[in-house]
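One letter stands for each residue in the lines below.
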Amino acid sequence: MADGRIAVIGTGYVGLTSGACLASLGHDVVCGDVDPAKVESLKQGKVPILEDGLDDLVLAGIAGGNLEFVHGADAAVRGAKYIFLCLPTPDGGDGRADLRIVHQVVAQIGPLLDAGSIIITKSTVPVGTAQEITKTLGRSDVAVVSNPEFLQEGTAVRNFMNPDRVVVGSTDPAAAQAVAALYDKLGAPAVITSAESSELIKYASNAFLAMKLSFINSIAGLAEVVGADAAEIAHGMGFDDRIGPKFLRAGPGWGGSCFPKDTKALATIALDNGFPFPLLKATTDSNIDAQDRVADKVRDAAGGSLAGAKIALWGLTFKAGTDDLRDSPALEVAQRLALEGAVLYGYDPTVTADLPRRHGYPPVAAAPDPYAAAEGAAVIVLLTEWPEFGDIDLAKVAELAAGRTIVDARNLLDPVAVATAGFRLVPQGRPAG
Ligand code: UGA
């Protein structure tokens, strides 16, 4: 066990998952957040996000006495040896990550830290941030370490407890080793690097995965034209160890709070350093094309015009297993349809109210179930791979819908069941039947 308390600053999905998981490994953890209401509800074990297994871990940590929630970074860091920064690093609007919150917090907690303590960046931060933090901090007796997270929303607890690797980077090897030791119980390989490499490993990993997805989505588009099947192609490619079978599911484009932001941020890092990296722009551009292609299919199915057409959207979140709508490909497609005059009714198991127009959301009225969304719809488009969509009674849908086409952008529905119910299926990555 670590010979020191852990402070986690920020209880978003990274901070809360990391804090609860570190506590479950036996460490003493105090999580601090600026939002007093959130802290109060966390103290009662109420987890504000949908994350499989997290509620149980939070409750167990509170009951075990080694997971605590406090208001403010100051209260969290007092007496702590390890200070994990799990703060938002949003897109600053110019592709660069906005680090103002990180630096504000470092300036705030700097004078309060014990000598020998270690600040650890867990949020995704640009190359050079560890050095910048060291400057903001202005203390030679406090080490700064980069320890990026590789958690997927929806499976974050599982990812934390079963990591492929633990990456730790610093100019201070002893501090890096001490941070790596916090994860010893997990038995994962520790990759100790410079801070710059560690910071770049995170961006490189996300951008690479985004590129892999853009690649298979482009193959899917090509397959539709030449009469091939992207799922068969991915299966055939995936047996090659050098390629691997994961992240080759074609869909309506990739999204979420990380891939779009991090791919753009890496492109900007390259640009700022005078290094041409055209693959990154192509990765993002291909993603826009993938979203356009789904909108094209819906327009075609609606007879060539979306003006006034009622469209049912099945799924709104950026993937299944999360309630996160940030940069959701489903909403990107919805936006395209709305701009052409479509009237949108959406059903998503995690969305109970009409989408608020703030955040630039498209106008989607929330339906209580997939059937209500489909009532009178000219076209139904499945956008998020919620497994429950596989159980929909398509015969009942056929009685309710006005049109006879389902665009399945995730290839989730059973083609035979769709045809039996009297619908024409427009699948992803293979020609429509
Ligand atoms: C991603 C990374 O996968 C994590 O490793 C990383 O830690 C995290 O970002 C982060 O930086 O915090 P996440 O945003 O939760 O995790 O989303 P993913 O599960 O990677 O999915 C991203 C998008 O790709 C989703 O829109 C998903 O539907 C899509 N996707 C994924 C596909 O279309 N096909 C696939 O085969 C896999």
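Quick caveat, the model's predicted, so the values are computed rather than measured.

Some details on the site of the ligand
By nearness alone, 20 residues border the ligand, and Glu-149, Gln-152, Glu-153, Lys-202 and Lys-319 come closest of all. The separation between an oxygen atom of the ligand and a polar main-chain atom of Glu-153 is 2.6 Å. Gly-255 places a main-chain nitrogen or oxygen 3.1 Å from an oxygen atom of the ligand. Considered on its own, the ligand offers 720 Å² of accessible surface; in the complex 96% of this is hidden by protein. Put simply, the parts of the chain that give the shell around the ligand at least two residues each are α9 (195-226) and α11 (259-272). Of all the elements, α9 adds the most residues to the shell around the ligand, at three residues.

Focus: the packing of α11 against helix α12 (residues 278-301)
Running from N to C, α11 and α12 point in directions that differ by 150 degrees, and their axes come no closer than 9 Å. Viewed along their axes, α11 and α12 adopt a mutual orientation that is roughly antiparallel. For the pair α11 and α12, the crossing hand works out as left-handed. The segment α11 lies against α12, with Thr-263, Leu-266 and Ala-267 engaging Leu-280, Thr-283 and Thr-284. Its residues assigned to classes, the contact of α11 with α12 shows three nonpolar, three polar and no charged.

Overview of the side chain of Thr-129
Mapped onto the elements, Thr-129 comes out in helix α6 (residues 129-137). Polar contacts involving the side chain of Thr-129 include one to the main-chain carbonyl oxygen of Pro-126, which spans 2.6 Å. Other than its neighbours up to four places away in sequence, Thr-129 contacts Leu-99 and Glu-199.

A few points about empty space enclosed by the protein
Inspection of the entire model under this criterion finds one cavity of 30 Å³ or more. For the largest cavity, the calculated volume is near 30 Å³. As for the largest cavity, its lining consists of Ser-123, Thr-124, Val-125, Ser-146, Pro-148, Ser-198, Glu-199 and Lys-202. Looking at which element gives the most residues to the lining of the largest cavity, the answer is α9, with three residues. Within the lining of the largest cavity, the residues separate by chemical class into two nonpolar, four polar and two charged.

A word on the sheet that holds strand β11 (residues 364-366)
A sheet is described by the order of its strands in space; here six strands give the open sequence β11-β10-β9-β12-β13-β14, paired in parallel fashion. Of all strands in the sheet, those with a lone pairing partner are β11 and β14 (424-426), marking the two edges. Taking each pair of neighbouring strands and ignoring which way they run, the sheet shows an average axis angle of 25 degrees. Pairing of strand β10 (residues 343-347) with β11, which is carried by three bridges, proceeds in the parallel orientation.

Topic: the packing of aromatic side chains
Enumeration over the complete set of coordinates arrives at six aromatic pairs. Ring pairs connect the aromatic residues Phe-247, Trp-254 and Phe-259, which therefore count as one cluster. Taking the ring centre of Phe-150 as reference, the NZ or CZ of Lys-202 above it sits at 5.9 Å. In this structure, Lys-396 is placed above the aromatic ring of Tyr-371, and the distance from its NZ or CZ to the ring centre is 4.1 Å.

Some remarks on the pattern of salt bridges
Taken as a whole and judged by the stated rule, the model has 21 salt bridges. Residues Asp-98 and Arg-100 are paired through a salt bridge, measuring 2.7 Å at the closest nitrogen-oxygen approach. When the shortest N-O distance is used, the salt bridge between Glu-385 and Arg-410 registers 3.5 Å. Here Arg-410 lies in the loop between β13 (405-408) and α16 (415-420) and Glu-385 lies in the loop between β12 (379-382) and α15 (394-400), a separation of 25 residues in the sequence. By relative accessible area, which is 18% here, Glu-385 ends up buried. Connected through salt bridges with shared partners, the residues Asp-94, Arg-96 and Asp-272 form a single ionic network.

Points about helix α2 (residues 36-43)
Between a side-chain oxygen at the N-terminus of α2 and the backbone nitrogen of Ala-37 the separation is 3.0 Å; the capping residue is Asp-35. Looking one or two residues past α2, Gly-45 carries a phi angle of roughly 80 degrees, positive in sign.

Some remarks on unusual backbone geometry
Here Phe-247, not a glycine, exhibits a phi torsion of approximately 60 degrees, which is positive. As for its placement among the helices and strands, Phe-247 is situated in the loop between α10 (230-238) and α11. Phe-247 gets classed as partly exposed once you look at its relative accessible area, which sits at 28%. The backbone of Asn-411 shows a phi angle near 50 degrees, a positive value even though the residue is not glycine. Within the secondary structure, Asn-411 is located in the loop between β13 and α16.

The rules we used
Throughout this document, residue positions are counted from 1 along each chain, in the order its sequence is written. A pLDDT threshold of at least 70 governs which residues receive local features in this predicted model, and a stricter bar of 80 or more applies before side-chain atom pairs are shown or counted, although totals over entire chains, interfaces and linings include all residues. Calculated side-chain values reflect all of the structure's heavy atoms, with hydrogen atoms and water omitted. Being near a molecule or strand, for a residue, means having at least one of its heavy atoms within 4 Å of it. Polar contact is the term for a pair of N or O atoms within 3.5 Å; when the atoms are in protein, one must be able to donate a hydrogen and the other to accept it, and sequence-neighboring residues count only if both atoms are side-chain atoms. Working definition of accessibility: Shrake-Rupley area with a 1.4 Å probe, residue cover restricted to the visible protein chains. Working definition: helices are DSSP H or I runs of at least four residues, strands are E runs of at least two. Numbering for both runs from the N terminus. Working convention: axes come from line fits to C-alpha atoms, limited for helices to the stretch in contact. Angles between N-to-C directions cover 0 to 180 degrees. When describing relative orientation, an angle under 35 degrees is termed roughly parallel and one over 145 degrees roughly antiparallel, while 65 to 115 degrees is termed roughly perpendicular and anything else oblique. Crossings are assigned a handedness: left-handed for a near helix turned anticlockwise from the far helix by less than a right angle, right-handed for a clockwise turn. Contacts were defined at the residue level, with two residues in contact if any of their heavy atoms lie within 4.5 Å. Think of it as three bins: nonpolar holds Ala, Val, Leu, Ile, Met, Phe, Trp, Tyr, Cys and Pro, charged holds Asp, Glu, Lys and Arg, and polar takes everything else, Gly as well. Buriedness for pockets is judged along seven lines, at least five of which must meet protein on both sides within 12 Å for an open set on the 1 Å grid over protein atoms alone, while cavities are sets there where a 1.4 Å probe fits but cannot get out, and lining residues have an atom within 4 Å of a point. Grid points are joined across faces, edges and corners, and a volume is the space filled by probe spheres set on the points. Here, a strand pair is defined by DSSP locating no fewer than two bridges between the strands. Think of it this way: a Phe, Tyr or Trp ring, Trp meaning its six-membered ring, pairs with another when their centres are within 6.5 Å, and the plane angle makes it stacked under 30 degrees, edge-to-face over 60, tilted otherwise. Placement of a positive charge over a ring is assigned whenever Lys NZ or Arg CZ falls within 6 Å of the ring centre and within 35 degrees of the normal to the ring plane. For salt bridges, the criterion is a side-chain nitrogen of Lys or Arg within 4 Å of an Asp or Glu carboxyl oxygen. Only protein chains enter the calculation, and the probe is 1.4 Å; a residue is then buried if its accessible area is under 20% of its type maximum, exposed if over 50%, and partly exposed in between.

Bear in mind that shape data such as this cannot, by itself, settle questions of function.
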